[in-house]
Amino acid sequence: MSRSQLTRTGILRMALGGGGAADPLLPAEGGEGRRAPFLLRALRIAVVVCLYWFTSIAMVFLNKYLLDSPSLRLDAPIFVTFFQCALTAALCLGLSLGAACGPPCPGLPALRLDPKVSRSVLPLSAVFIGMVTSNNLCLKYVGVAFYNVGRSLTTVFNVLLSYLLLKQTTSLYALLACGVIIGGFWLGVDQEGAEGTLSWTGIFFGILASLCVSLNAIYTKKVLPVVDGSIWRLTFYNNINACVLFFPLMMLLGEFRTLYHFEKLGNPSFWGMMTLGGVFGFAIGYVTGLQIKFTSPLTHNVSGTAKACAQTVLAVIYFEETKSFLWWTSNLMVLGGSFAYTWVKGLEMRKVQEDPNVKSSERNETGV
């Protein structure tokens with residue numbers, strides 16, 4: 001899931017379904033929604049899915065422009081990520097202050113910086129920094145068309161880390177789906193090399209991004225109780241910590257010097273694009289939550305897979321690229337493997353829910 005697509009999917013699934021505070025910006029579940037006519041509900045779902053697709057795809061293309069545009073020529077990916085984190089923290093604080101000045105909203109807590117809580121969230125923030133930075137660096141060095149394949153190993157790392165850290169086993173069918181994803185990934189790398197567009201730096205950051213997304217979900221589950229289960233408070237502390245930690249990183253990489261010599265630093269259109277990128281980065285968490293709320297986590301994953309397919313096709317058309325049959329096959333393998341894994345997990349979850357005799361350990365294996 002780009003900056004958060006990351007990532008935010010795993011956080012929001014736990015926040016929406018894990019007993020935390022309700023999200024005040026999402027529609028409440030209740031009788032009114034159930035009484036709504038079928039056509040109205042279908043239209044509402046279609047609008048939410050389209051909103052998710054538009055926000056997610058637009059964010060990827062916009063970040064690609066900011067990170068690797070020949071016309072912009074800004075070689076400061078950490079600064080771009082830092083600005084987006086700072087804007088996200090500011091938007092969270094703004095929403096909190098707006099709620100405080102308006103009608104009471106128990107799901108949107110008052111935000112204030114507590115050093116003790118900030119230190120408790122710090123391990124997650126370190127993983128979060130790795131996730132958003134490696135996502136953006138992967139996007140900088142690979143094309144948008146290959147971006148989905150380049151960071152497609154998240155599901156594989158989910159299975160691996162679940163076994164190594166949580167001692168949870170995975171079904172044979174789910175492992176076979178992971179095998180298809182790995183095969184598609186390696187075929188895609190091979191075809192990028194054959195076409196002369198392979199960037200091993202981009203591949204490295206894509207693998208690192210996949211690992212960090214998986215670790216982010218695990219650490220988020222551990223840290224949520226520290227912020228009373230509030231996804232808004234966690235997002236605020238995560239991005240505040242990230243902004244502080246990004247400063248020495250930017251100094252170490254010489255990005256302040258790069259910004260000093262950047263010819264468009266005073267250009268309003270540049271800051272407009274930077275702000276728009278930050279707003280999209282913040283909005284993806286909200287629209288992801290909307291899609292999960294109006295459909296289900298399973299449907300959200302299927303929608304994300306279809307969105308990735310549409311994003312790849314749009315990128316090939318927009319950048320006027322010509323891809324081989326095997327290159328398209330690698331994408332289909334990754335998308336097909338991801339869909340198959342989602343489908344298998346969905347069936348396992350349904351089986352667990354229908355069988356009251358299933359042990360709690362088995363429930364954890366299926367993600368319930």
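Keep in mind the model is a prediction, meaning the values are calculated, not measured.

Enquirer: Is there a simple way to explain the overall build of the protein chain in this structure?
Expert: From N to C terminus, the protein chain includes 15 helices and zero strands. In the form shown here, the protein chain has an accessible surface area of approximately 17800 Å², with 67% of it arising from carbon and sulfur atoms.

Enquirer: Is there a simple way to think about the packing of helix α5 (residues 115-141) against helix α9 (residues 200-223) in this case?
Expert: To describe two helices that pack against each other, one gives the angle between their axes and the distance between the axes. Look at α5 against α9: their axes get within 7 Å of each other, and the N-to-C directions meet at 155°. By the angle between their axes, α5 is roughly antiparallel relative to α9. Relative to α9, the crossing made by α5 is left-handed. Partitioning the contact of α5 with α9 into residue classes produces 17 nonpolar, nine polar and no charged.

Enquirer: I'm lost on unusual backbone geometry in this one. Help?
Expert: Negative phi is the rule for most residues except glycine; trans is the rule for most peptide bonds. A positive phi angle is found at Arg 73, which is not glycine, with a value near 55°. Here Arg 73 shows up in the loop between α3 (38-68) and α4 (77-101). Overall, Arg 73 belongs to the exposed group, its relative accessible area being 55%. Even without being glycine, Glu 320 reaches a positive phi, approximately 55°. Position of Glu 320 relative to the elements: it lies in the loop between α13 (297-318) and α14 (325-354). On the accessibility criterion, Glu 320 (71% relative accessible area) is exposed.

Enquirer: Any chance you could explain the packing of α3 against helix α12 (residues 268-294) here in plain terms?
Expert: It is at 8 Å that the axes of α3 and α12 come closest, and there the two elements cross at 150°. Relative to α12, α3 is oriented roughly antiparallel. You can see that α3 and α12 cross each other, and the crossing is left-handed. Considering only residue class, the contact of α3 with α12 consists of 20 nonpolar, six polar and one charged.

Enquirer: In this structure, what is going on with the side chain of Ser 134? I would like to understand it.
Expert: Note on placement: Ser 134 falls in helix α5. Judged by its relative accessible area of 1%, Ser 134 is buried. Ignoring sequence-local partners within four residues, the contact set of Ser 134 consists of Phe 205, Leu 208 and Ala 209.

Enquirer: When you look at α13 in this model, what are you seeing that I'm missing?
Expert: Think of an α-helix as turning once every 3.6 residues; residues three or four places apart then point the same way. End to end, α13 covers 31 Å across 22 residues, agreeing with the expected 32 Å (1.5 Å per residue, within 8%). A positive backbone phi angle near 55° is found at Glu 320, which sits one or two residues after α13.

Enquirer: Even after reading the chapter, I still don't get the pattern of salt bridges, so can you show me in this structure?
Expert: Any two side chains of opposite charge can pair, so long as their charged atoms come close to each other. If you walk through the whole model with that rule in mind, you get eight salt bridges. A salt bridge links Asp 75 to Lys 140; its shortest N-O distance comes to 3.3 Å. Taken as a pair, Asp 75 in the loop between α3 and α4 and Lys 140 in helix α5 lie far apart in primary sequence, 65 residues in all. Since its relative accessible area comes to 9%, Lys 140 is described here as buried. Between Glu 321 and Lys 323 there is a salt bridge whose closest N-O contact spans 3.8 Å. Residue Glu 321 is classed as partly exposed on the basis of its relative accessible area of 28%. Connected through shared salt-bridge partners, Glu 192, Glu 195, Glu 321 and Lys 323 make up one network.

Enquirer: Looking at this structure, I do not really get the UniProt feature "transmembrane region" (unreviewed entry) in the protein chain. What am I missing?
Expert: According to UniProt, the "transmembrane region" (unreviewed entry) feature falls on residues 42-66, 78-100, 121-143, 149-166, 173-189, 201-219, 231-250 and 270-290. Measuring from the first to the last C-alpha atom of residues 149-166 gives 27 Å, for a span that is 83% helix and 0% strand. Helix makes up 100% of residues 231-250 and strand 0%, and the two end C-alpha atoms of the span are 28 Å apart.

Enquirer: How should the environment of Gly 202 be read in this particular structure?
Expert: Residue placement: Gly 202 occurs in helix α9. Classification of Gly 202 by relative accessible area gives buried; the value is 0%. In this structure the C-alpha to C-alpha distance between Gly 202 and Cys 138, which are 64 residues apart in sequence, comes to 4.5 Å. What Gly 202 contacts, discounting residues up to four positions off in sequence, is Cys 138, Tyr 141 and Val 142.

Enquirer: Sorry, what's going on with a nonpolar patch on the surface here?
Expert: Residues Leu 160, Tyr 163, Leu 164, Leu 165 and Leu 166 make up a contiguous nonpolar surface patch of roughly 490 Å² in combined accessible area. Secondary-structure assignment places Leu 160 in helix α7 (residues 154-166). Leu 160 gets classed as partly exposed once you look at its relative accessible area, which sits at 41%.

Enquirer: For this particular structure, what's the right way to read helix α10 (residues 231-252)?
Expert: Counted at 1.5 Å a residue, the expected span for α10 with its 22 residues is 32 Å, and the 32 Å between its end C-alpha atoms agrees. Taken as a whole, α10 carries its principal kink of about 30° at Phe 246; the proline Pro 248 stands between one and four residues after it. Residue Gly 254 follows α10 closely and has a positive phi angle near 75°.

Cut-offs applied
- Residues numbered from 1 in each chain as written.
- Predicted model: local features only at pLDDT ≥ 70, side-chain atom pairs only at ≥ 80, totals over all residues.
- Heavy atoms only, no water.
- Helix = DSSP H or I, 4+ residues; strand = E, 2+ residues; numbered from the N terminus.
- Areas by Shrake-Rupley, 256 points an atom, 1.4 Å probe, with all protein chains shown as cover.
- Axes fitted to C-alpha atoms, helices over the stretch in contact; angles between N-to-C directions.
- Parallel < 35°, antiparallel > 145°, perpendicular 65-115°, else oblique.
- Left-handed = near helix turned anticlockwise from the far one by under 90°.
- Nonpolar A, V, L, I, M, F, W, Y, C, P; charged D, E, K, R; others polar.
- Buried < 20%, exposed > 50% of the residue type's maximum accessible area, 1.4 Å probe, protein only.
- Contact = heavy atoms within 4.5 Å.
- Expected span 1.5 Å × (residues − 1).
- Salt bridge = Lys/Arg side-chain N within 4 Å of Asp/Glu carboxyl O.
- UniProt positions renumbered as here; feature names shortened; annotations may be inferred.
- Patch = residues over 30% accessible without salt bridge, like charges linked within 9 Å, V, L, I, M, F, W, Y side chains within 5 Å.
- Bend = angle between axes of the 7 residues up to and from the residue.

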